[in-house]
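Architecture at a glance
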Amino acid sequence: MIVAVLLAAQIAAAHPAVITIRGQSGEQKVAVAEKLSGPAIRLSALSPVIPVSIDSLGGGRYRVTLAGIEFFVADQAPFMEIGDRVLPLATAPFLDNGDLFLPLQVLVEQLPRAASNRLRYDMAKAELLVFAAPSAGPTAALAVPSRSRPASSAASRKRTTTHTGKRRVVVDAGHGGPDNGMSGPLRGEGFRVHEKHITLAVAKRLASILQSRGVDVVMTRTTDTLIALSDRGRIANQRNGDVFVSIHVNAANLRWPRPEAARGFETYFLAEAKTEDARRVERMENESVKFETGVTADKDDPLSFIMNDMAQNEHLRESSELASMIQASLGDMHPGPDRGVKQAGFRVLVTAFMPAVLVEIGFGTNVDEARFLTQPQRQQEIATAVAAATMKYLEHYERRVGLAGR
Ligand SMILES: [Zn+2]
């Protein structure tokens, strides 16, 4: 995992302006487009040395066949599906003047890794070697290793509409017991908030709104008690949840110029943390582990786990959709700002084998927002917004599987 991170960092830091593609039919130089998001490659620029076909599947999704390797990407979604795996990308594919661009990382890292019999990238020479592909036949023979999944995931992947025929949402109130979570605000006005109380209050409201709309709800905690991070996901799996929503309160980094001023809401889904700010929130939320007695808090990057277990990764796309819906819905009521959908390696999300998100509903370190987060009326509005997005997601998902005839 660390190797992958370093590699991605290197690509971002010092990527070539041009890469050379060397294949059966000759050699070709391809310019690397310098975009705000990072280095990218215009897919159509790769042919004819690399045969490329792009099929639009609607909804911004594309099936790409490149050197005989089939994979799927979506406009503005930072991951790719290949074989039965979903791989995170440092930046998202995008359209520019009708042309599909992929992050350079796809070409020089993800594809060569997934299909080393077809592509090899020589970083020193900035050269991509393309090996002979079998004649335009099916790509089924492609050696994309498929990972074995834990049994619990196989069960949850069925997305059983449970025996009651209801969808089941797992609502997770962050922290609890000796783990207060964050405390604020930074510039005191004589009152103090603990994250664990706010998360429980909002989670309870969220649960009852969802129940009132006919959804089964499982709460990981209903009292001020400590639940191990890994147990939260385990509970979600055992109870066969369809969706996992974890509620948290953010805290500013004291090294920021004016930490007390930071405010706003953001929603995370599980993937490699892409920014220093995402890593900050990841560290903060993963710290709960230290309260778990009898658990040796392993210092491993929790993402080493996810990379070994692609079962979770297959839910990335749906998790990202749910996260977007929650952000949009919160945007209707929250004074903001909208800090966007982000990615990080949250321990609590790693073990939940279902679409899973973590919502930071505001900054408890900010005086105004701390007050906002403690008002019952506001808590109800936040819960209503998260519930509305969750319902929308469930309906959307239902429609999609309905259409797919699964
Ligand atoms: Zn938290």
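Note: the structure precedes this text.
Here's a quick rundown of the structure. (Residues numbered from 1 in each chain as written. Predicted model: local features only at pLDDT ≥ 70, side-chain atom pairs only at ≥ 80, totals over all residues. Heavy atoms only, no water.)

For the rest of this paragraph, the subject is the coordination of the zinc ion. Bound to the zinc ion on the protein side are His175 (NE2), Glu195 (OE), His248 (ND1), Glu285 (OE) and Glu285 (OE), at distances that span 2.0 to 2.5 Å. Ordering the donors of the zinc ion by residue number gives the pattern H-x19-E-x52-H-x36-E. Of this pair, histidine 175 sits in the loop between strand S14 (168-173) and strand S15 (183-184) while glutamate 285 sits in helix H6 (residues 276-286), placing them 110 residues apart in sequence. Pair check on accessibility: histidine 175 and glutamate 285 agree, each one buried. (Donors = N, O, S within 2.8 Å, 3.2 Å for Na, K, Ca; no water. Helix = DSSP H or I, 4+ residues; strand = E, 2+ residues; numbered from the N terminus. Buried < 20%, exposed > 50% of the residue type's maximum accessible area, 1.4 Å probe, protein only.)

Here we take up the pattern of salt bridges. Using the criterion set out here, one finds 26 salt bridges in the structure. A salt bridge links arginine 61 to glutamate 81; the shortest N-O distance between them is 2.8 Å. With arginine 61 in strand S6 (residues 61-66) and glutamate 81 in strand S8 (residues 79-82), the pair connects residues that are 20 residues apart, well separated along the chain. In this structure arginine 61 comes out as partly exposed when scored by relative accessible area, which is 22%. Of the residues examined, glutamate 81 reaches a relative accessible area of 22% and is grouped as partly exposed. A salt bridge links lysine 342 to aspartate 277; the shortest N-O distance between them is 3.1 Å. With lysine 342 in strand S20 (residues 338-344) and aspartate 277 in helix H6, this pair connects stretches of sequence that are 65 residues apart. Relative accessible area serves as the criterion here: at 16%, lysine 342 is assigned to the buried category. Connected through shared salt-bridge partners, Glu266, Asp277, Arg280, Arg339 and Lys342 make up one network. (Salt bridge = Lys/Arg side-chain N within 4 Å of Asp/Glu carboxyl O.)

Helical geometry: 3.6 residues make up each α-helical turn, so side chains three or four residues apart lie on a common side. Turning to helix H5 (residues 229-238), its buried residues are Leu229, Arg232, Gly233, Ala236 and Asn237. Around the axis of H5, the buried residues are gathered within 135° of arc, so they sit on the same side. Directly after H5, the chain includes asparagine 240, whose backbone phi takes a positive value near 60°. (Arc of directions from axis to C-beta.)

One open sheet holds the four strands; their spatial order is S2-S1-S13-S12, and the pairing between them is mixed. Both edges of this open sheet fall to strand S2 (26-31) and strand S12 (119-122), since each of them pairs with a single strand only. Sheet twist, expressed as the average angle between the axes of neighbouring strands with direction ignored, equals 20°. Inspection of the sheet shows S12 paired to strand S13 (residues 127-130) by four bridges, in the antiparallel sense. Residue pairing in the sheet places arginine 120 in a bridge with leucine 129 of S13. Contacting strand S1 (18-23), S12 and S13, helix H2 (residues 104-114) crosses the sheet at an angle of about 120° to S12. (Pairing = 2+ DSSP bridges. Axes fitted to C-alpha atoms, helices over the stretch in contact; angles between N-to-C directions. Contact = heavy atoms within 4.5 Å.)

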